[in-house]
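Letter by letter, the chains look like this.
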Amino acid sequence: MANSGTPGYHKQSLNVVDYNTQTSSYARSVGANRAFNASLQTYYNRQVSDTANSSIQASYLDRLQGFLGKPGTAGSLDTLFSDLQNSLQSVATSPDDYTTRSNAVASAQNMAETLNRLSNTIQGMRQETEGQIASNVHNMNGMLNSLAEVNNRMLDLGMTDSARSALLDQRDRLVGSVAELIDVRADYRGDGTVALMTRSGVGLLDNGVSTFSFESAGSLSANSVFDPNSSENKVGKLSLTTPSGLTIDLVTQGVLQGGELGGLVTLRDKTLVEAQEQLDEIASGLAQAFSTVKNPGVAATDGVANGFDIDLTTLKPGNDVLFTYSENGVNKQVRVVNSTDPVDYMDASGQRVIGIDLSGNSTAAAAALNAKFSGLAISSTGAGNLRILDDGAIGATDVKTAVARSTSTGLQGAGLAFNLFVDQGNTAFTNNLDSDPPQKQGFAARISVNTAIVANNKLMVQHEVGGTLGDADRANYIIDQLASMSFTSGGNPAANADKFQLTGNLGNLIGQVLGFQGGNINAALTKYDDRQLTLDTISDQMQTEYGVNLDEEMARLMELQNAYAANARVVSVVKELLDALLGAV
């Protein structure tokens with residue numbers, strides 16, 4: 001009864017044996033039975049691991065939702081983007097008003113600073129996961145060593161029953177604590193010892209103790225990502241060394257399938273990384289919507305073949321050429337990216353994306369592109385030119401549109417597009433895929449408003465040197481770009497099947513990010529609630545089987561007290577009879 005409510009205590013009952021002889025009968029205890037159900041304990045350990053995994057992920061994602069804000073609330077990305085659009089509408093209405101232009105610049109700064117803050121917050125959360133991983137590794141090693149000591153003490157055959165039961169209680173508590181940190185399977189042996197391994201079959205404790213280690217990567221940034229190649233990996237390394245000296249990279253080998261450690265690794269390497277990538281997509285789209293110059297192709301013919309001549313001279317790394325054509329009545333869209341990476345895939349929007357180096361030899365670029373389209377004639381008529389023609393008399397293909405999209409080179413005299421949002425050092429964002437890392441990676445942490453425009457907001461409308469401040473063309477151009485320019489995230493869907501693909505204009509992207517993160521957070525919280533409910537049910541069952549029931553124990557105590565009183569009365573009557581018998585003699 002004294003151990004009622006003691007965590008991890010398993011109730012015990014005496015083994016009572018009755019002895020009968022010709023002259024007497026008596027009872028004596030021959031040890032104690034400790035309540036234990038190996039099947040229930042195994043189920044409990046698994047659920048503890050799964051619940052801890054869901055708990056840590058739900059905790060972080062709940063915090064992330066607080067930082068992102070709910071759609072439509074003050075400070076959320078969709079609200080800030082709406083404010084930016086409204087401020088641009090005001091500039092289009094009153095381009096000569098200083099306050100209106102100033103408000104537009106302030107809205108742009110709010111947008112950029114929010115992306116910076118959110119990016120820094122996400123990287124800060126990833127840094128926290130590394131700290132928790134290091135702490136958990138320290139605790140794990142301590143608990144495994146304690147379990148090894150328990151196993152050794154269990155082999156002492158001279159131990160009393162009460163001491164052995166207390167040691168078994170300690171064993172089960174330690175196994176449960178290990179299960180909170182990593183998914184384990186426990187083998188409870190007849191001699192009271194226990195062996196542990198992960199669900200994937202990696203031994204943790206048996207004839208010896210495995211040792212966990214964690215090598216921190218230091219400060220994490222958006223460019224600090226996990227890579228199976230150890231020379232390219234830029235996050236902390238979590239490994240396990242077995243008693244035989246074999247070292248296993250737990251993350252690369254996919255050993256972790258549950259527990260808090262598994263949840264922390266998932267957050268660090270997947271969940272929070274995807275959130276960062278989505279912010280980078282928004283920042284990238286924001287910069288390109290303002291800075292993209294569209295150069296439509298010029299109609300071209302060669303005999304009966306028709307198409308377009310496209311000027312490539314202004315294209316920078318990451319810029320692209322878009323063209324549409326029909327083949328046997330089916331419309332098709334193609335995006336040719338100026339990149340040395342020879343990618344070729346269909347993106348999430350159904351558009352074919354091809355990587356071709358358009359900055360160098362245009363003849364070689366045309367030949368490489370021509371090899372990919374049997375029904376089109378693609379060639380170069382000179383340096384910096386790309387000609388795309390249909391199949392002429394055959395009539396199976398028809399080139400409908402073609403446009404080269406380049407990044408603006410100046411704030412005035414370079415067209416209506418301009419670099420309002422820039423990269424580090426006030427440099428233009430071109431979405432360069434060939435840099436290491438690609439320019440888009442981590443851009444949300446670096447995006448800022450062009451310092452020249454902050455100093456002189458006339459540049460919001462004055463696209464020509466000496467131009468009138470009453471010209472609304474630039475503002476209207478940007479408003480149209482924000483509404484019509486389409487983006488698709490994630491690259492090749494086949495290589496990113498586990499990631500959510502964003503597609504649409506910038507407003508769509510922001511709405512999809514908030515919707516995805518909100519749904520992801522709700523799913524994590526629901527999973528945690530479900531697993532916690534299951535764990536509570538198992539814990540209740542364990543309390544029923546293992547715990548001390550005070551009502552039951554009090555009833556037994558009263559039963560014992562009544563039996564003692566009855567026996568005492570029997571002894572008293574016998575004594576009276578004997579006394580009477582002796583008195584008569």
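In short, a report on the structure. (Residues numbered from 1 in each chain as written. Predicted model: local features only at pLDDT ≥ 70, side-chain atom pairs only at ≥ 80, totals over all residues. Heavy atoms only, no water.)

Turning to the environment of Ala-367, a few remarks are in order. Position of Ala-367 relative to the elements: it lies in helix α6 (residues 362–370). A relative accessible area of 48% means that Ala-367 is categorised as partly exposed. Sequence separation between Ala-367 and Ser-380 is 13 residues; the distance between their C-alpha atoms is 8.4 Å. (Helix = DSSP H or I, 4+ residues; strand = E, 2+ residues; numbered from the N terminus. Buried < 20%, exposed > 50% of the residue type's maximum accessible area, 1.4 Å probe, protein only.)

A separate point is the pattern of salt bridges. Opposite charge on two side chains lets them pair, provided their charged atoms get close. Applying the stated criterion across every chain, the model contains 17 salt bridges. Between Arg-268 and Asp-269 there is a salt bridge; the shortest N-O distance is 2.7 Å. A single network of salt bridges, built from pairs that share partners, joins Glu-130, Arg-268 and Asp-269. (Salt bridge = Lys/Arg side-chain N within 4 Å of Asp/Glu carboxyl O.)

With that settled, consider helix α2 (residues 77–93). When the terminal C-alpha atoms of α2 are compared, their 24 Å separation across 17 residues agrees well with the 24 Å that a helix rising 1.5 Å per residue should span. Within the span of α2, buried status applies to Leu-77, Thr-79, Leu-80, Phe-81, Leu-84, Ser-87, Leu-88, Val-91 and Ala-92. (Expected span 1.5 Å × (residues − 1).)

A few words on the sheet that holds strand β4 (residues 194–197). Taken together, the 3 strands give an open sheet; going across it, the order is β3-β4-β5, and neighbouring strands pair in antiparallel fashion. Strands at the two margins of the open sheet, each flanked by one partner only, are β3 (185–188) and β5 (203–205). The sheet shows a mean angle of 25° between the axes of neighbouring strands, direction not considered. Of the pairings in the sheet, the one linking β3 to β4 comprises 4 bridges and is antiparallel in character. Looking at β4, one finds that Tyr-188 is bridged to Val-194. Against the sheet, helix α3 (residues 98–154) engages β4 and β5, with an angle of about 60° to β5. (Pairing = 2+ DSSP bridges. Axes fitted to C-alpha atoms, helices over the stretch in contact; angles between N-to-C directions. Contact = heavy atoms within 4.5 Å.)

Right, let's get into the environment of Ser-239. In this structure, Ser-239 sits in strand β7 (residues 237–241). Accessibility expressed as a relative area gives 3% for Ser-239, which makes it buried. Each C-alpha atom, one on Ser-239 and one on Phe-214, is 6.4 Å from the other, the two residues being 25 residues apart in sequence. Every residue in contact with Ser-239, bar those within four places of it in the chain, is listed here: Thr-211, Phe-212, Ser-213, Thr-247, Ile-248, Asp-249 and Leu-250. Within the local environment of Ser-239, its side chain forms a polar contact with the side chain of Ser-213, the two groups lying 2.7 Å apart. (Polar contact = N/O pair within 3.5 Å; in protein donor to acceptor, adjacent residues only side chain to side chain.)

A complete count under the given rule lists 7 aromatic pairs for this structure. Ring geometry for Phe-290 and Phe-421: centres 5.3 Å apart, planes at 75°, overall edge-to-face. One end of the pair, Phe-290, is in helix α5 (residues 259–291); the other, Phe-421, is in strand β19 (residues 421–422), with 131 residues separating them in the sequence. Residues Phe-290 and Phe-421 agree in their burial class; the two are buried. Both rings, one in Phe-429 and one in Phe-443, keep their centres 4.2 Å apart while their planes meet at 20°; by these two values the pair is stacked. You can see Phe-429 sitting in the loop between β19 and α7 (443–446) and its partner Phe-443 sitting in helix α7, a full 14 residues away along the chain. In textbook terms, an aromatic cluster arises when at least three aromatic residues are bridged by ring pairs, as seen for Phe-290, Phe-418 and Phe-421. The ring of Tyr-60 carries the charged tip of Arg-63 above its face, separated from the ring centre by 5.2 Å. If you follow Arg-352 out to its NZ or CZ, it ends over the ring of Phe-373, 4.8 Å from the centre. (Phe/Tyr/Trp six-rings, centres within 6.5 Å; stacked < 30°, edge-to-face > 60°. Lys NZ or Arg CZ within 6 Å of the ring centre and 35° of its normal.)

Okay, the side chain of Arg-199 next. Note on placement: Arg-199 falls in the loop between β4 and β5. Look at Arg-199 and you get buried, because its relative accessible area is 16%. One polar contact links the side chain of Arg-199 to the main-chain carbonyl oxygen of Arg-46, over a distance of 3.3 Å. Ignoring any residue separated from it by four or fewer positions in sequence, one finds Arg-199 in contact with Arg-46, Ser-49, Asp-50, Asp-183, Arg-185 and Gln-257.

The antiparallel open sheet is built from 3 strands, whose spatial order is β6-β7-β8. The outermost strands of the open sheet, each flanked by one partner alone, are β6 (211–215) and β8 (247–249). With strand direction ignored, the average angle separating the axes of adjacent strands in the sheet is 25°. Examined bridge by bridge, β6 and β7 share 5 bridges and lie antiparallel to one another. When the sheet's bridge partners are listed, Phe-212 is paired in β7 with Leu-240.

For the rest of this paragraph, the subject is the environment of Leu-64. With respect to the helices and strands, Leu-64 occurs in helix α1 (residues 38–68). When the C-alpha positions of Leu-64 and Gly-131 are compared, they lie 18 Å apart, and in sequence the two are 67 residues distant. Contacts of Leu-64, omitting those with residues within four sequence positions, involve Ile-122, Met-125, Leu-272, Ala-275 and Gln-517.

None of this, on its own, says anything about what the molecule does.
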